[in-house]
Amino acid sequence: MFQRLPDRSSGEVTFTFDGRPITASVGDSVAAALLAAGIHVCRTTPASGTPRGPYCLMGVCFECLVRIDGMDNRQGCLVTVREGMRVETQRGARTLTTEPAQ
């Protein structure tokens, strides 16, 4: 469904999603990088555990919530991917304890 535009030679960054290394283009949002890598689910709902993924890609719908570097409830479509970033599936509601950001 989603495809990269040709000739995007702005460079690459590597980050992890649930421990799996992902390569993205410099300037990609986390949500766009996940979609480009074929990952369509980035969270589950608190009530039923239903899988959800990026939808509006502009910060309105909150479907792309992920855990980034230990912090829950980050909108993946509004965060630019950076080298070494640790992104994880957000399962259910956010946790109240988080690891300090690095």
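Residues numbered from 1 in each chain as written. Predicted model: local features only at pLDDT ≥ 70, side-chain atom pairs only at ≥ 80, totals over all residues. Heavy atoms only, no water.

S.K.: Honestly, the environment of glutamate 88 in this entry has me stumped. Any pointers?
M.R.: Here glutamate 88 lies in strand β7 (residues 86–91). Looking at glutamate 88, the relative accessible area reads 24%, which means it is partly exposed. Residues glutamate 88 and arginine 20, 68 residues apart in the sequence, show an inter-C-alpha distance of 9.6 Å. (Helix = DSSP H or I, 4+ residues; strand = E, 2+ residues; numbered from the N terminus. Buried < 20%, exposed > 50% of the residue type's maximum accessible area, 1.4 Å probe, protein only.)

S.K.: Where do I start with the side chain of arginine 67 in this structure?
M.R.: Among the secondary structure elements, arginine 67 is positioned in strand β5 (residues 65–68). By relative accessible area, which is 13% here, arginine 67 ends up buried. Of the polar contacts made by the side chain of arginine 67, one reaches the backbone oxygen of glycine 70; its length is 3.4 Å. (Polar contact = N/O pair within 3.5 Å; in protein donor to acceptor, adjacent residues only side chain to side chain.)

S.K.: Looking at this model, I keep getting lost on the pairing of β7. Mind explaining?
M.R.: When a strand is regular, its side chains alternate between the sheet's two faces. Sheet topology places strand β1 (residues 12–17) next to β7; 2 bridges connect them, and they run parallel. Counterpart to threonine 16 in the pairing with β7 is arginine 86. Relative to β7, strand β3 (residues 43–44) is paired through 2 bridges, and the arrangement is parallel. Within β7, the position partnered with arginine 43 by the bridge is glutamine 90. The pairing of β5 with β7 spans 3 bridges and is classified as antiparallel. Bridge pairing in β7 places isoleucine 68 opposite valine 87. (Pairing = 2+ DSSP bridges.)

S.K.: How should I be thinking about the environment of arginine 91 in this particular structure?
M.R.: Here arginine 91 shows up in strand β7. Residue arginine 91 is classed as exposed on the basis of its relative accessible area, which comes to 58%. Linking arginine 91 and threonine 50, residues 41 residues apart in sequence, is a C-alpha distance of 9.5 Å. Setting aside chain neighbours within four positions, we find arginine 91 in contact with Asp18 and Thr44. (Contact = heavy atoms within 4.5 Å.)

S.K.: Just to check I follow, could you spell out the nonpolar core for this structure?
M.R.: One recurring pattern in soluble globular proteins: nonpolar side chains tend to sit buried together. Counting 19 residues, the largest nonpolar core has Phe15, Val30, Met85 and Val87 as the members making the most contacts within it. Of all elements in the fold, only β1, β2 (20–25), α1 (30–36) and β5 reach the threshold of two or more residues within this core. Here this core takes 4 residues from α1, the largest share from any one element. When residues no more than four places from it in sequence are discounted, the contact partners of valine 30 are Val66, Ile68, Gly76, Val79, Val81, Met85 and Val87. (Core = buried A, V, L, I, M, F, W, Y, C linked by side-chain atoms within 4.5 Å.)

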